[in-house]
Amino acid sequence: MGKFINDSIDKLLVQSEAVLITYSFLSGRFSTVSSSIEHILGYSADDILGMAVPDLVGLIHEEDQAEWENDFNALFQVSAPNEPVTMSFRLRAKDGTYKLLELRSIIEILDGKPVELYFLIQDLSHFKDADRSLKQKNVELDRAKMQLSRTNQQLSSLNEKLEKHNLELEEIHEKLIFSEEIFRQVAENTNDVFWLRDNQNIIYINNQFEKIWGRKKEELIENPYKITEWIHPEDLTDIEPWVNLNSLPDDSPYTEHYRIVRPDGEVRWLWSRIFPVKDKTGRKYRLVGIASDITEQKEYEEALTIAKEKAQESDMLKSSFLANISHEIRTPMNGIIGFSELLSREDIDSDTRQSYVNIMKKSSEQLIRIIDDIIDFAKLEANQIRIEKASMNINTMLDQLLTQYNNQLGIMNKASVTLLVNKALPDVASSVISDEQRVRQVLMHLLDNACKYTVEGFIEFGYTLSGEQVEFFVKDSGIGIPGEKFDLIFEQFRQGDEGHTRRYGGTGLGLPIAKALVNLLGGSIRLESVPEKGSTFYFTIPFEAQQKSTSGDEPFGYDKLKYNWKEKLILVAEDDELNFEYMKVLLEPTQAKVIRAKDGSQAIKMCSNLNFDVILMDIRLPVLNGIQATKRLREMGIVTPIIAQTAYAMDDDEKKCLDAGCTSYLAKPISKERLFKIIDSVL
Amino acid sequence: MTTDKKKPKILIVEDEESNYELLRAILRKMDLELFWAQTGIQALEYCRKHSFGLIFMDIKMPEMNGYDAILKLREMGVNCPIIAQTAYARIEDEERALSLGFNAYISKPIDRGRLMSFIEKYL
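Just so we're clear, the structure is a prediction, and the values are computed from it rather than from any experiment. (Residues numbered from 1 in each chain as written. Chains lettered and ligands numbered in written order. Predicted model: local features only at pLDDT ≥ 70, side-chain atom pairs only at ≥ 80, totals over all residues. Heavy atoms only, no water.)

**Brief notes about the domain arrangement of chain A**
For clarity, the threshold we go by: In this entry, domain limits derive from an automatic or database-based domain assignment.
As assigned here, chain A comprises domain 1 (7–126), domain 2 (193–293), domain 3 (308–366), domain 4 (385–548) and domain 5 (569–682). The gap between the C-alpha centroids of domain 2 of chain A and domain 3 of chain A is 68 Å.

**Here we look at a nonpolar patch on the surface**
Short version of the rule: Patch membership requires more than 30% relative accessible area and the absence of a salt bridge. Residues of like charge join within 9 Å; the nonpolar side chains Val, Leu, Ile, Met, Phe, Trp and Tyr join within 5 Å. Residue burial considers only the protein chains on display, and all accessible areas are found by Shrake-Rupley using a 1.4 Å probe. Salt bridges are identified by distance alone: a Lys or Arg side-chain nitrogen within 4 Å of an Asp or Glu carboxyl oxygen. Comment: elements are numbered from the N terminus, with helices defined as DSSP H or I runs of at least four residues and strands as E runs of at least two.
Judged by side-chain polarity, Leu 169, Ile 172 and Leu 176 of chain A come together as a nonpolar surface patch covering roughly 300 Å² of accessible area. Position of Ile 172 of chain A relative to the elements: it lies in helix α6 (residues 129–188).

**Quick word on the pairing of strand β10 (residues 284–293) of chain A**
Residue and element names in this part refer to chain A. What counts here: Two strands are counted as paired when DSSP detects at least two bridges linking them.
The pairing of strand β6 (residues 193–197) with β10 spans 5 bridges and is antiparallel. Bridge assignment links Val 193 to a residue of β10, and that residue is Ala 291. For strand β9 (residues 267–278) and β10, the ladder comprises 9 bridges, and the chain directions are antiparallel. Bridging across to β10, Pro 276 finds its partner in Leu 287.

**Describing the side chain of His 61 of chain A**
The line we're drawing: In this analysis, two residues are considered to be in contact whenever any of their non-hydrogen atoms come within 4.5 Å of each other.
Positionally, His 61 of chain A belongs in the loop between α4 (53–57) and α5 (65–77). The contacts of His 61 of chain A, once residues within four sequence positions are left out, are Arg 90 and Tyr 98 of chain A.

**Let's talk about the interface of chain B and chain A**
Operational definition: Buried area: the sum, over both parts, of the accessible surface (1.4 Å probe) that disappears when the two are put together. Side-chain atoms alone can form a polar contact between residues adjacent in sequence; in general such a contact is a pair of N or O atoms within 3.5 Å, and within protein one must be able to donate a hydrogen while the other accepts it.
With 28 residues of chain B at the interface, the matching set in chain A holds 29 residues. Carbon and sulfur atoms supply 51% of the area that chain B and chain A bury against each other, a total of about 2500 Å² over both sides. Linking chain B with chain A are 3 salt bridges, by the criterion used here. Residue Lys 29 of chain B pairs with Asp 347 of chain A through a salt bridge whose shortest N-O separation is 2.5 Å. Linking chain B with chain A are 7 residue pairs in polar contact (both at pLDDT 80 or more), by the criterion used here. Those elements giving two or more residues to the side of chain B that touches chain A turn out to be α1 (17–26) and α3 (66–75) of chain B.

**Examining helix α16 (residues 577–587) of chain A**
All names here are of chain A. Definition in use: Each residue gets one of three labels from its accessible area relative to the maximum for its type: buried under 20%, exposed over 50%, partly exposed in between, using a 1.4 Å probe on protein chains only. The arc in question is formed by the directions pointing from the helix axis toward the C-beta atoms.
Where α16 is concerned, the buried positions are Phe 580, Met 583, Leu 586 and Leu 587. Taken down its axis, α16 places every buried residue within 120° of arc, on the same side. In the core, the buried residues of α16 are packed alongside β18 (569–573), β19 (593–597), β20 (614–618), β21 (642–646) and α20 (672–682).

**Brief notes about the packing of helix α11 (residues 295–343) of chain A against helix α12 (residues 350–381) of chain A**
Residues and elements named next belong to chain A. Just so we agree on the cut-off: Here the axes come from fitting lines to C-alpha atoms, over the contacting stretch only for helices, and the angles between their N-to-C directions go from 0 to 180 degrees. Note that the term roughly parallel is reserved for angles under 35 degrees, roughly antiparallel for angles over 145, roughly perpendicular for angles of 65 to 115, and oblique for everything else. By definition, any crossing whose near helix is turned counterclockwise from its far helix by less than a right angle is left-handed, and any crossing with a clockwise turn is right-handed.
Two numbers describe how α11 lies on α12: the axes approach to 9 Å, and their chain directions differ by 155°. Relative to α12, α11 is oriented roughly antiparallel. For α11 against α12, the interelement crossing comes out left-handed. For the pair formed by α11 and α12, the contact residues are Ile 325, Glu 328, Ile 329, Pro 332, Met 333, Gly 335, Ile 336, Phe 339, Ser 340, Leu 342 and Leu 343 on the first element and Arg 353, Tyr 356, Val 357, Ile 359, Met 360, Ser 363, Ser 364, Gln 366, Leu 367, Ile 370 and Ile 374 on the second.

**Notes on α3 of chain B**
Residue and element names in this part refer to chain B. Along α3, the residues classified as buried are Gly 66, Tyr 67, Ala 69, Ile 70 and Leu 73. Seen along its axis, α3 keeps its buried residues to an arc of 165°; they face one direction. Of the surrounding secondary structure, the elements contacted by the buried residues of α3 are α2 (40–49), β3 (54–57), β4 (82–86) and α4 (91–99). Once α3 finishes, Gly 77 follows within two positions and takes phi at roughly 90°, a positive value.

**Describing the side chain of Arg 440 of chain A**
Residue and element names in this part refer to chain A. As for its placement among the helices and strands, Arg 440 is situated in helix α14 (residues 436–453). Note on Arg 440: relative accessible area 19%, which makes it buried. A polar side-chain atom of Arg 440 sits 2.5 Å from a polar atom in the side chain of Gln 400. Once residues lying within four places of it in the same chain are set aside, the contact partners of Arg 440 are Met 397, Gln 400 and Leu 401.

**Description of the pairing of strand β16 (residues 525–530) of chain A**
Looking down a regular strand, the side chains alternate between one sheet face and the other. All names here are of chain A. The alternating pattern of β16 places Ile 525, Leu 527 and Ser 529 on a buried face, while none of Arg 526, Glu 528 and Val 530, on the opposite face, is buried. Examined bridge by bridge, β16 and strand β17 (residues 534–542) share 6 bridges and lie antiparallel to one another. Bridge assignment links Leu 527 to a residue of β17, and that residue is Phe 537. Here β16 hands over to β17 after 3 residues, with Glu 532 in that stretch at a positive phi of 75°.

**Quick look at the packing of α2 of chain B against α3 of chain B**
Residues and elements named next belong to chain B. Their axes nearest at 9 Å, the elements α2 and α3 cross at an angle of 20°. By the angle class used here, α2 and α3 are roughly parallel. Classified by chirality, the crossing of α3 by α2 is right-handed. Of the residues in α3, those in contact with Gly 40, Ala 43, Leu 44 and Cys 47 of α2 are Ala 69, Lys 72 and Leu 73.

**Describing the pattern of salt bridges**
All names here are of chain A. Counted by the stated rule, this structure contains 31 salt bridges over all chains. Asp 347 is the salt-bridge partner of Arg 345, the closest N and O atoms lying 3.8 Å from each other. We classify Asp 347 as partly exposed; its relative accessible area is 43%. Salt bridges here are not isolated pairs; linked through shared partners, they connect Arg 262, Asp 264, Glu 266, Arg 268, Asp 293 and Glu 296.

**Considering the nonpolar core**
Residue and element names in this part refer to chain A. Formally: Working definition of a nonpolar core: buried Ala, Val, Leu, Ile, Met, Phe, Trp, Tyr and Cys residues. They are joined through side-chain atoms within 4.5 Å.
Membership of the largest hydrophobic core comes to 47 residues, with the highest contact counts inside it found for Ile 394, Met 397, Val 439, Leu 443, Phe 472 and Phe 539. Looking at which element gives the most residues to this core, the answer is α14, with 7 residues. In this structure, Leu 443 is in contact with Met 397, Leu 398, Leu 401, Phe 472, Val 474 and Phe 539, ignoring residues within four places of it in sequence. Membership of the second largest hydrophobic core comes to 32 residues, among which are Ile 21, Phe 30, Leu 41 and Leu 91.

**As for the sheet that holds strand β2 (residues 33–37) of chain B**
Residues and elements named next belong to chain B. Ordered by their spatial adjacency, 5 strands build an open sheet running β2-β1-β3-β4-β5, and the pairing between neighbours is parallel. For this open sheet the edge positions go to β2 and β5 (104–107), each flanked by a neighbour on one side alone. Neighbour to neighbour, the strand axes of the sheet diverge by 20° on average, direction disregarded. As defined by bridge partners, strand β1 (residues 9–13) adjoins β2 across 5 bridges and the pair is classed as parallel. Bridge pairing in β2 places Leu 11 opposite Phe 35. Along the sheet, α2 makes contact with β1, β2 and β3, crossing β2 at roughly 140°.

And the structure:
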């Protein structure tokens, strides 16, 4: 009899020569055995129920044990439960013989837990050998199929997992690429150096570092402390926080200006901001930094500061200059006014009167020299001094100066000073083309100084030839000038000796005037001096021998005239007789016909009667001035070119003239060359 | 004529001869004994030897200017009236002079009436 099994099923199994055994996972025992077991294997159902699992397994043929175990284990691993598994093995019957059995098994799983195991066993021993082997092959095939499907299932599940994994990885990768890209764009597309480091290593530094520092990144990354060698030594102490992470003063951003020295020695200014980076626990563990090259900004700031200081200094100099000028004017004025008052008193004898007059005369001369200086200076400032070159004889001029300054020294009671002159050329060969008045003026300023600052010894002046230049000199054995003041004394408003304690008076304008005049003459001025021993001033002018001259600036030069205005009619509106004559002489060689108008209204009248080719219009005209006349002419529809001319060379004059309708503008004094050019350009 | 001892001694400190001559001419008719120093240093030397009733002092002078000279004189215990007479004619020049211990200030060109009033006041 079967155990714990429905009788009908048991009968059916006996007829089918099949055995059914079930195993309960709950009780850990075999729970059902069909009675057919006895017929096939000789064991009773009770024999089987009395067995533990290992007892039954122990009946399997030794050679089949391994395979069985493998198949059996597979039963639990099959991913889709309740699928039957087929296996075959030899089992020892009760009589000791081995029977070849085919076993189909199925596992019942409930809530993921195995509950019941079913075995259906069939005896294959009675099949013919061929059948048997076929059967076995089938079983093996089935098994292989099973394994394959199992493996397949495993593979596909693995594949699924892998694919999922891959997707996740790809997503992460994309995110990484994206954030890396953003970081790189930020870090590399800035003009600033950008870096990140911990307390040992540079973690990141952008390429801008190489541009600004002129060093290789690798060099720094290899040894971050190398940076201390590249920073300007004077700024190095400020950089301490860089080297040690923990010495940052506090958690706030750290800012520093410092200089770096590039390999080529160039110094650049950097502005660095350093920020601590903290981990989750709040510990500083990295530094991130940005450094901007602020060299240009620094230079600009410095230039501004210098400009400001200069402006302040020049302001101060100007007011002290004014105070000084006022002092220098008032000093002789004191004598002039004071004695003139005294002269009006009746109770003075003629000798006293004469002595008063002499003092007044001396004071007046002193005053006029100061005023001349001031006027010259103002003219130079306003660009109103024009160089009028003509033939001049240097030797003659020097002889005249010798006489003049010998007298001067006499007046100054300086008999102990010897005056000498030194001429490099014989008198007949010493003619050059230059502006004698201006050259003389420069020499007089230098000689005045020499006389003023020399108590005894000598003053020597003259010239030498050096290349294309005449070099004049004035040498004295006076008090001399310290080297550091060489440049200063040529500056406006300065004297070697400033302040209220001064031995020597004067406006301090002499040398700046001399320098400006020399520049206008096309030369340069310089100085050699030893304090207590004396000074030598040198200045040059271009050496233009008379016969070589083709200078266009000469008013009455004899260069070949290239302008021929035979048929032209020129109106010169000029109130000053002399100026008109001058203009007429200038224009004569061009064969132009020149007509004069004495004032603005006359000019208008003439223009309405005659067709002029060009009008030279003086601005300062009586009745109607040049600007008014020009406006009127333009209103009348007269389009004749009008060239304005004025002695007041102010910038806004030119604008006024052009606004009024003048074609162009000419500042007086008028040079022939410029006059011709400008007329030629409008004709 | 009284004796020299009774004549008030006046010191004129002035580097510019014409300016000294003017003061001398203005004071010519007064019965005064005039001394002329051309620098601040010379003024100090005179004051060591003489006791002056009044001093006229220029400001801009070689070696020692008037500003420095009056400080030295006051240090030396010279307490006679000292009048600044200078071609520095700005208000700040006057203020500076008075702040340094000058009793009065006259700018050049000198107003004779003003000068005489100071003499009357201080002599």
